[in-house]
Amino acid sequence: MTTDRSVAAASLRGGLLAAIFLMATSAIGPGFITQTATFTARMGSAFAFAILASILIDFVVQLNIWRITALTGKRASETANAAIPGAGYLLTALVVIGGLAFNVGNIAGGGLGLNAMLGLDPKIGGAITAVLAIAIFLSRQAGILLDRAIIGLGIVMILLVLFVAVQSNPPVGEALRQTIWPDSIDFATITTIVGGTVGGYITYSGAHRLLDKGLTGPHNLTAVTRAALTGIAVTGVMRFVLFLAILGVVASGVTLDLSSQAANPAAQAFQAAAGDWGMRVFGVVLWAAALTSVIGAAYTSVSFLDVVGVRSDAARSKATVGFIAFSLAVYLALGTAPAAILVFVGGFNGLILPIGLTIFTYIGYARSDLMGGHRYNRVLLALGAIVCALTWYMGARSVTTIFAFLGQ
């Protein structure tokens, strides 16, 4: 009996850890890294407020999505269809389109990462990244490989970015002041960084991983809540550390190139902080972020296809391979995605975030029948409603600016 309980406890911890790192590493992909470099170069220390706002929004969004998904025991697309007929199809279309757009950028990021590390042609590096991601899914031990790859690469990312943050010697005091009292507030920036860290498929990545691990029902709610809070804390720390690393470079007087189509502002920041060795470090960080994000985007986007009949493990594996292969084909046809595309995609996912959040807030308030009769926490629902209204407002205020990113 004791052994059985120990195995069950270990399985629970493993499932929660996998969900935490899938959500965290999906939130810290090439798009987020590029967005952070771009906005830090433009706004300086004032960007700290946008990061704080995004973390607070993420706490509310992820807590509600993870908890409601655990209570319904169904994927978000199925839950949305059950709540509002047709809503699941709309949500699926938006998530898949956003995930595909992000994945093209993720593969491009993998190519740039291997180029910085090893000097490989970015297209070859992107192809290697995509093929490696496909190999993980085709493996007979895909689940174990997925969990280990995501956790291992996530730890590498955290350690390397922390080193560069210390090396760049950022003005921490000024950053902390502007976290609370910024010189300027830009709604488009907040919407974009929220979209790049919790918008689109990222909102549901950890929650769907929990479903695959069987961690559902009211008896798992406490563990799920703790996992969601931990995952958001991990991404929050990473956001601030990466911001401080780039802020140190910008504050030292280095001007990052944001104008040319081939510009890679994050790479410039890492090179300025630690020379050629810094470029190698950046290559590892960007490649790790890209590989884990390719996995996260493909896995989560395909998990929404239940509503169109993609249900069996074999069908999901084929769809995942097809998703990554199609993303690679688009990348090879377009070449390396410019920084403007990676910034725009974050903004686009920020615009579609309130749609899914509105559906889930409605479920929490009015559809306890979908949650096994469970009366959902009213404080979390109230916070969810506030964040929902805020994201709609920010989206309306910033939609023109976000689409203008494509022309930069």
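Residues numbered from 1 in each chain as written. Predicted model: local features only at pLDDT ≥ 70, side-chain atom pairs only at ≥ 80, totals over all residues. Heavy atoms only, no water.

Per an unreviewed UniProt entry, the chain carries the name Divalent metal cation transporter and comes from Paracoccus haeundaensis. Recorded under Subcellular location (unreviewed entry), the UniProt text for the chain is reproduced unchanged: "Membrane". (UniProt positions renumbered as here; feature names shortened; annotations may be inferred.)

In terms of regular secondary structure, the chain is built from 15 helices and zero strands. For the chain, with 408 residues in total, the buried portion stands at 58%. Sequence-distant contacts in the chain: of pairs separated by 6 or more residues, those separated by 24 or more amount to 86%. Surface exposure of the chain reaches about 15500 Å², of which carbon and sulfur atoms provide 67%. (Helix = DSSP H or I, 4+ residues; strand = E, 2+ residues; numbered from the N terminus. Buried < 20%, exposed > 50% of the residue type's maximum accessible area, 1.4 Å probe, protein only. Contact = heavy atoms within 4.5 Å. Areas by Shrake-Rupley, 256 points an atom, 1.4 Å probe, with all protein chains shown as cover.)

Inspection of the entire model under this criterion finds four cavities of 30 Å³ or more. Considered as a void within the structure, the largest cavity measures approximately 60 Å³ in volume. When contributions to the lining of the largest cavity are tallied by element, the ones reaching two or more residues are helix H5 (87-118), helix H10 (202-212) and helix H14 (339-366). Counted by class, the lining of the largest cavity contains six nonpolar, three polar and no charged residues. (1 Å grid on protein atoms, 1.4 Å probe; cavity = no way out; pocket = protein on both sides within 12 Å on 5 of 7 lines; lining within 4 Å. Points joined across faces, edges and corners; volume = space filled by probe spheres on them. Nonpolar A, V, L, I, M, F, W, Y, C, P; charged D, E, K, R; others polar.)

Attention now goes to helix H4 (residues 76-83). Counting buried positions along H4 gives seven out of eight residues, so the element sits mostly inside the fold. By the burial criterion, the buried members of H4 are Ala76, Ser77, Glu78, Thr79, Ala80, Asn81 and Ala83.

On to the pattern of salt bridges. Counting across every chain of the model gives four salt bridges. Here Arg239 makes a salt bridge to Asp58, at a shortest N to O gap of 2.3 Å. Taken together, the residues Arg239 in helix H11 (residues 221-251) and Asp58 in helix H3 (residues 47-72) connect sequence positions 181 residues apart. The burial state of Arg239 is the same as that of Asp58; both residues are buried. Counted as one network, the salt bridges with shared partners bring together Glu174, Arg177 and Asp183. (Salt bridge = Lys/Arg side-chain N within 4 Å of Asp/Glu carboxyl O.)

Attention now moves to unusual backbone geometry. We note that Asn169 has phi near 50°; this positive angle belongs to a residue other than glycine. In this fold, Asn169 is placed in the loop between helix H7 (142-168) and helix H8 (172-180).

For the rest of this paragraph, the subject is the environment of Ala385. On the secondary structure map, Ala385 appears in helix H15 (residues 378-404). It is 9.9 Å that separates the C-alpha atoms of Ala385 and Phe360, two residues lying 25 residues apart in sequence. In this view, Ala385 contacts Thr361 and Tyr365; residues no more than four positions away in its chain are not counted.

A cluster of nonpolar side chains, contributed by Val379, Leu383 and Ile386, occupies part of the molecular surface with about 290 Å² of accessible area. As for its placement among the helices and strands, Leu383 is situated in helix H15. (Patch = residues over 30% accessible without salt bridge, like charges linked within 9 Å, V, L, I, M, F, W, Y side chains within 5 Å.)

Right, let's get into the packing of aromatic side chains. Aromatic ring pairs are described here by two measures, namely the spacing of the ring centres and the angle between the planes. Inspection of every chain in the model, using the stated rule, returns six aromatic pairs. Look at Phe187 and Tyr393: their rings are 5.5 Å apart centre to centre, the planes differ by 85°, and that puts the pair in the edge-to-face class. Of this pair, Phe187 sits in helix H9 (residues 187-198) while Tyr393 sits in helix H15, and the two are 206 residues apart along the sequence. Residue classification places Phe187 among the partly exposed positions, given a relative accessible area of 23%. (Phe/Tyr/Trp six-rings, centres within 6.5 Å; stacked < 30°, edge-to-face > 60°.)

Soluble globular proteins tend to pack their nonpolar side chains together in the buried interior. By size, the foremost hydrophobic cluster in this structure holds 85 residues, and its most contacted members are Ile33, Val61, Tyr204, Phe243 and Phe282. Looking at this core element by element, the count peaks at 15 residues for H3. Excluding its chain neighbours within four sequence positions, the residues that come into contact with Val61 are Val198, Thr203, Leu353, Leu357 and Val387. Ala133, Phe137, Val294 and Tyr299 belong to the second largest nonpolar core, which has 21 residues in total. (Core = buried A, V, L, I, M, F, W, Y, C linked by side-chain atoms within 4.5 Å.)

So, on to helix H13 (residues 313-334). Over its 22 residues, H13 runs 31 Å from end to end, which matches the ideal 32 Å to within 8%, given 1.5 Å per residue. Those residues of H13 that sit buried are Arg316, Thr320, Phe323, Ile324, Ser327, Leu328 and Tyr331. Looking straight down H13, one finds that the buried residues subtend no more than 125° of arc, so they occupy a single side. Exposed residues pointing more than 90 degrees away from the buried face of H13 are listed as Lys318 and Ala333. (Expected span 1.5 Å × (residues − 1). Arc of directions from axis to C-beta.)

Topologically, Ile402 is positioned in helix H15. In this structure, the C-alpha to C-alpha distance between Ile402 and Gly346, residues 56 residues apart in sequence, is 8.9 Å. What Ile402 contacts, discounting residues up to four positions off in sequence, is Ala188, Thr191, Thr192, Phe344, Gly347, Phe348 and Leu351.

Moving on: the environment of Leu159. Secondary-structure assignment places Leu159 in helix H7. On the basis of relative accessible area, Leu159 is assigned to the exposed category, the value being 55%. Each C-alpha atom, one on Leu159 and one on Val285, is 9.4 Å from the other, the two residues being 126 residues apart in sequence.

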